[in-house]
Amino acid sequence: MDTNKESHPFRCCFDNNKQPFYSLGMFAYPSGNAHMGHVRVYSIVDAIARYKRLQGYEVLNPVGWDAFGLPAENAAIANKVPPHVWTQRNIERMKTQQFGPMGWSFDWSREINTCAPDYYKWTQWIFLQLMQRKLAYKAKAMVNWCDTCSTVLANEQVVNGICWRCSQPTTKRLMTQWFIRITDYAQRLWDGLQKLPQWNKEAVAVQRNWIGRSQGAHIEFVTTDKQIPISVFTTRPDTLFGTAALVLAPEHPLLQQIVAHTNNSKLQQYVQQANRKSQVQRMASKEKTGVATGVFASQALLDHQVEIWVGDYVVADYGTGAVMCVPAHDTRDHQFAQRYHLPIQPVVAPRPGQTADADDLFTQDGVLINSGDFNGMPSAQARQAVVERLQQLGAGEGTVQFNLRDWSVSRQRYWGCPIPVVLCDSCGCVPVAAANLPVLLPSDVSFDEGRACVNPDSAQLRVDCPRCGAPAKRETDTLDTFMCSAWYAFRFADPHNSQAAFDSNIVNRCMPIDFYVGGLEHAAQHMIYFRFLTKFFHDIGLVDFDEPVRQFFCNGMVRKEGQKMSKSRGNVVVPTQVVESHSADALRLYILSDTPSELDIDWEETALHAKQKFVRRNQTLLHAYLTQHPPKNWSDAPLHEATDKELVRTFYSLMHALQHNLNSNEFHNCVARIYELSSLLLTRVQQENTQPTQSELQQAILARMVRDYLAVCSLFTPFSAEELWHTFYSDAPLATAGWPRFDKKILQQATCRYVVQVNGKKRSLIDLPVDANKHVLQQRAMQDQAVQQALVGKAVKRAIFVPNKLINFVVG
């Protein structure tokens, strides 16, 4: 591989002693068109990558394509083009016509494509490792189904009951699916959030909310007729004695068994209707509806039986899918009980000074009443005591509950990574041997029925069972695309390895990722899966770390007229058109200016014009100056010998402030510093263009300042900066020039303006060297005409001196 830094300045090689820095933007889906979201993400990433290169780091800034997925398949169906052809065309178009003109400093030698067999071979290998350790399994379960996309979705891909891809409501279906047992890592995923101080706070909050750790208890009820156990989870075991009913989710796995003998047509109709609703519809409904089953249950600590109900306000995705309805101490239970006239028995009373939520509703901690042996106990003490009693009776136990559910990874679509499993009537699900990977996507596919259909009789699906040798079939479900993207950062470190997914030594050297940029919407999808697989890799000895990202920066969206850009709204601004009309430098400068990059930005054409004008003015004036005054001996020009010390001090103070802004990811403030530097520098340059007055030494100092200005501009306007650099300074890439270095002593102010007061009233201003002592200032002030007039006929009793600020003569 050619690793020549002169010809490939952005190529990363780890065979040197430089400290690595991994800068990464979430990789793109090759839809065929880059959008302003890409421009914002990669411009942020590129600014940091270029900054770190100039500082001397070995920067890994790779690029690749999240190439499997539903949009490619749907486009192939519509255009009757095989998905791999459509996808590859898009990749080439985005790469050459859209990403290239933006000038992002990617290491293209590390380009990866998730739909390439040499990549998905290792996605399949990872799946086999999970399967080998019982973390990948196939089971029948209620899953999220999207009719529009004709596939199952993971819980993380359903946002408020809406499909993340097509924005249509989802429903629940009982299906056999492949799952990843991510719940085995729930506590570690929760605990790991404490190790991420450099993450965007909103992203941590999203993960914390999604993982959803709750301390509580499992309480066991049992049906009185068939003795079927029903477990409920509650965070309030202290309210057990107020239970008025058990309410099951319509999709509860034991429901049909519990009501098998009741022949309740009203109940069956209700369950069917509830399952046709999306989860968000059920949770958002103000009316809490339900149907009584006619079956009763008992609990060891209760002296009464409770009826079992089915209610659509209970969902299977939380707890056990069953709740004990305690109307006096839970708002939803209270609404349900009022509608169906269930008894409302208070068992927790307010302490002195507390007030109830309503006449018969109190949801806070208090003191137990109507609770037998536990009466008089504070809620916190009672929770522990009730759990201990339940454990003694074998009727419950304290536990920690998580919202997180196992990751549903199989998709009923063609264009995805084939699941490397053979289905045998005798042996069940048999993994394909690692030596036989990759399992290739079948080519015997038709697109005539509105979706990609693999010929069920295709010879590509017929195989012998690896275990018993009997005729069997390949699994036709494909893996969720998030499975492909959950490990791509590791592959970027070692993209051409044909013997392993990656070399652990290389990955351990350059990971965790130092700076990772992407949208907040992926905090509960990609980032959870990414963190999970990292912990799994750590457990099987592949990596030394268990958190993949040191700093996760969430960028805001680019909107137009207050709305998200979309083709359906007709408000898309195409980046390539902007580059052609205004230049990539103007677009990059605009996308990072004015608004903090973590916030949404509203597209403004006039602001873009202003950035274009700024770039052109910089280029014109600096080119004219450097043409008249070709840089000589600029690299060693002694800044401390500058005639205009205030110019040098102010210039490098701004440079120092810009570096602080970069370290804090304040990109809009960086642009502001660029504008201030430009104003300062171009004023002097214009003077030299029209009336050259400086000596060769002073010209060299100014040329050094121009060079340092180009270095910082290259982070934001690389095309214009590189052009001036190559024309006037060096044939070597600006990326190798180094970050501007200067002695911080030149930042110190040489003089200070002192206020001179007489009896507290300002009389004059005097410029003296910084840290001038009291006697020097007093002597100089006494010579000032305005001060002398104020002191006529008066005696100075004392002089109050504040260093670097003022002197006040107290007179009588």
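Model, not experiment: these values are computed from the prediction. (Residues numbered from 1 in each chain as written. Predicted model: local features only at pLDDT ≥ 70, side-chain atom pairs only at ≥ 80, totals over all residues. Heavy atoms only, no water.)

**Student:** What should I look at first to understand the overall build of the protein in this one?
**Tutor:** If you tally the helices and strands in the protein, you get 24 helices and 37 strands. In terms of overall dimensions, the protein has C-alpha extents of about 110 × 80 × 50 Å along its principal axes. In the protein, buried positions account for 56% of the 812 residues. Once local pairs closer than 6 in sequence are excluded, the contacts in the protein between residues at least 24 apart make up 71%. One finds the centroid of the 82 positive side-chain charges in the protein at a distance of 5 Å from the centroid of its 77 negative side-chain charges. (Helix = DSSP H or I, 4+ residues; strand = E, 2+ residues; numbered from the N terminus. Buried < 20%, exposed > 50% of the residue type's maximum accessible area, 1.4 Å probe, protein only. Contact = heavy atoms within 4.5 Å. Lys, Arg positive; Asp, Glu negative; His and termini not counted. Charge placed at Lys NZ, Arg CZ, Asp CG, Glu CD.)

**Student:** Sorry, what's going on with the packing of aromatic side chains here?
**Tutor:** Evaluation of the coordinates by the stated rule reveals 45 aromatic pairs. Geometrically, the ring pair formed by Y516 and F530 is edge-to-face, given 5.9 Å between the ring centres and 75° between the ring planes. Pair noted here: Y516 is in strand 29 (residues 515-519) and F530 is in helix 15 (residues 526-539), with a separation of 14 residues, a long-range link. With relative accessibility at 0%, the residue Y516 sits in the buried group. Every member of this aromatic cluster is reached through a ring pair, and the members are W199, F490, F502, Y516, F530, F536, F537, F545 and F552. Sitting over the face of the ring of Y137, R181 holds its NZ or CZ atom 4.1 Å from the ring centroid. The ring centre of W190 lies 5.2 Å from the NZ or CZ of R208, which sits over that ring. (Phe/Tyr/Trp six-rings, centres within 6.5 Å; stacked < 30°, edge-to-face > 60°. Lys NZ or Arg CZ within 6 Å of the ring centre and 35° of its normal.)

**Student:** Even after reading the chapter, I still don't get the environment of C554, so can you show me in this structure?
**Tutor:** Examined against the element boundaries, C554 turns out to sit in strand 30 (residues 552-555). Since its relative accessible area comes to 3%, C554 is described here as buried. Sequence separation between C554 and Q215 is 339 residues; the distance between their C-alpha atoms is 30 Å. Contacts of C554, omitting those with residues within four sequence positions, involve N200, A203, G518, L520, S597 and E598.

**Student:** For this particular structure, what's the right way to read the sheet that holds strand 6 (residues 151-153)?
**Tutor:** The pairing of strands in a sheet happens through backbone hydrogen bonds and is either parallel or antiparallel. Reading across the sheet, the four strands line up as 6-5-9-19 and stay open at both edges, with antiparallel pairing between neighbours. At either end of the open sheet lies a strand with only one pairing partner, and these are strand 6 and strand 19 (407-408). Bridging between strand 9 (residues 171-180) and strand 19 involves two bridges; their strand directions are antiparallel. Its bridge partner being in strand 19, I180 is matched across the sheet by W407. (Pairing = 2+ DSSP bridges.)

**Student:** What's the story with the environment of A72 in this structure? I'm lost.
**Tutor:** Inspection of the secondary structure assignment puts A72 in helix 2 (residues 70-79). Considered as a pair, A72 and N90 are 18 residues apart in the sequence and their alpha carbons are 9.7 Å apart. In this view, A72 contacts Y29, A67, P83, W86, T87 and W415; residues no more than four positions away in its chain are not counted.

**Student:** Could you clarify how one ought to interpret unusual backbone geometry in this entry?
**Tutor:** Outside of glycine, negative phi angles account for most residues, and trans bonds account for most peptide bonds. Cis geometry is found at the peptide bond from L437 to P438, where omega equals 0°. Structurally, P438 can be placed in the loop between strand 23 (428-431) and strand 24 (445-446). M511 connects to P512 through a cis peptide bond whose omega is 10°. Tracing the backbone shows P512 in the loop between helix 14 (504-510) and strand 29.

**Student:** Would you mind showing me how to read the sheet that holds strand 29 here?
**Tutor:** The parallel open sheet is built from four strands, whose spatial order is 2-1-29-30. Strands at the two margins of the open sheet, each flanked by one partner only, are strand 2 (58-60) and strand 30. Going across the sheet, the axis of each strand differs from the next one's by a mean of 20°, ignoring polarity. The pairing of strand 1 (residues 20-25) with strand 29 spans three bridges and is parallel. Following the sheet pairing, L24 is matched in strand 29 by Y516. (Axes fitted to C-alpha atoms, helices over the stretch in contact; angles between N-to-C directions.)

**Student:** Which parts of the structure should I look at to understand the pairing of strand 1?
**Tutor:** Moving residue by residue along a regular strand, the side chains alternate between the two faces of the sheet. A large share of strand 1 lies buried, amounting to six of its six residues. Side chains P20, Y22 and L24 of strand 1 all project onto a buried face; the interleaved residues F21, S23 and G25 project onto the opposite face, where all are buried too. As paired strands, strand 1 and strand 2 are joined by three bridges and run parallel to one another. Paired with P20 across the bridge in strand 2 is E58. Regarding topology, helix 1 (residues 36-54) serves as the crossover connection from strand 1 to the parallel strand 2, and that connection is right-handed. (Right-handed = clockwise from strand over helix to strand, strands pointing away.)

**Student:** For this particular structure, what's the right way to read the confidence of the model for the protein?
**Tutor:** Keep in mind that low pLDDT regions are not for reading the predicted coordinates in detail. For the protein, per-residue confidence averages 91 on the pLDDT scale, and residues scoring 70 or more make up 97% of the total. Of the regions scoring below 50 in pLDDT, residues 1-6 engages in 15 contacts with residues more than four places distant in sequence or in other chains. (pLDDT = per-residue confidence, 0-100.)

**Student:** Got a minute to help me understand the pairing of strand 35 (residues 761-769) in this structure?
**Tutor:** With eight bridges joining them, strand 34 (residues 751-758) and strand 35 adopt antiparallel strand pairing. Bridging from a neighbouring strand, V758 pairs with K761 of strand 35. Between strand 34 and the antiparallel strand that follows it, strand 35, lie two residues; N759 among them carries a positive phi value of about 55°.

**Student:** Sorry if this is basic, but what is going on with the pattern of salt bridges here?
**Tutor:** Between side chains of opposite charge, pairing is possible as soon as their charged atoms come close. Per the stated rule, a full pass over the model turns up 26 salt bridges. A salt bridge links R588 to D46, with the shortest nitrogen-to-oxygen separation between them at 2.5 Å. Separated by 542 residues along the polypeptide, R588 in helix 17 (residues 584-592) and D46 in helix 1 bring together distant segments of the chain. The pair formed by R588 and D46 is uniform in burial state, with each residue classed as buried. Within the structure, one salt-bridge network assembled from shared partners comprises K195, R531, K535, D546 and E547. (Salt bridge = Lys/Arg side-chain N within 4 Å of Asp/Glu carboxyl O.)

**Student:** How do you make sense of the environment of P548 when you look at a structure like this?
**Tutor:** Along the chain, the position of P548 falls in the loop between helix 15 and strand 30. For the pair P548 and M527, spaced 21 residues apart in sequence, the C-alpha to C-alpha distance is 9.3 Å. Ignoring sequence-local partners within four residues, the contact set of P548 consists of M511, P512, I513, F530, R531 and T534.

**Student:** Even after reading the chapter, I still don't get the nonpolar core, so can you show me in this structure?
**Tutor:** Where a protein is soluble and globular, its nonpolar side chains tend to be buried together. Ranked by internal contacts, the top residues of the largest apolar core, which has 188 residues, are F127, W407 and W603. When neighbours within four sequence positions are excluded, W407 is seen to be in contact with A154, W178, F179, I180, I182, D480, F482, M483, A486, Y529 and F532. Formed by 39 residues, the second largest nonpolar core is a distinct cluster that contains F221, I228, V306 and A385. (Core = buried A, V, L, I, M, F, W, Y, C linked by side-chain atoms within 4.5 Å.)

**Student:** Please explain the side chain of N555 as it appears in this structure.
**Tutor:** On the secondary structure map, N555 appears in strand 30. A relative accessible area of 11% means that N555 is categorised as buried. Among the polar contacts made by the side chain of N555, one reaches the main-chain amide nitrogen of G519 at a distance of 3.4 Å. Here N555 is in contact with V41, I44, V517, G518, G519, S597 and E598, once residues within four sequence places are set aside. (Polar contact = N/O pair within 3.5 Å; in protein donor to acceptor, adjacent residues only side chain to side chain.)

**Student:** Is there a simple way to think about the packing of helix 16 (residues 575-582) against helix 18 (residues 605-628) in this case?
**Tutor:** Any two packed helices are characterised by the angle at which their axes cross and by the distance between the axes. At a closest axis distance of 11 Å, the pairing of helix 16 and helix 18 adopts a crossing angle of 45°. By the angle between their axes, helix 16 is oblique relative to helix 18. Both helix 16 and helix 18 take part in a crossing whose hand is right-handed. Between helix 16 and helix 18, the contacting residues are V578, S581 and H582 on the first element and E605, L608, H609 and Q612 on the second. Among the residues forming the contact of helix 16 with helix 18, the class breakdown is two nonpolar, four polar and one charged. (Parallel < 35°, antiparallel > 145°, perpendicular 65-115°, else oblique. Left-handed = near helix turned anticlockwise from the far one by under 90°. Nonpolar A, V, L, I, M, F, W, Y, C, P; charged D, E, K, R; others polar.)

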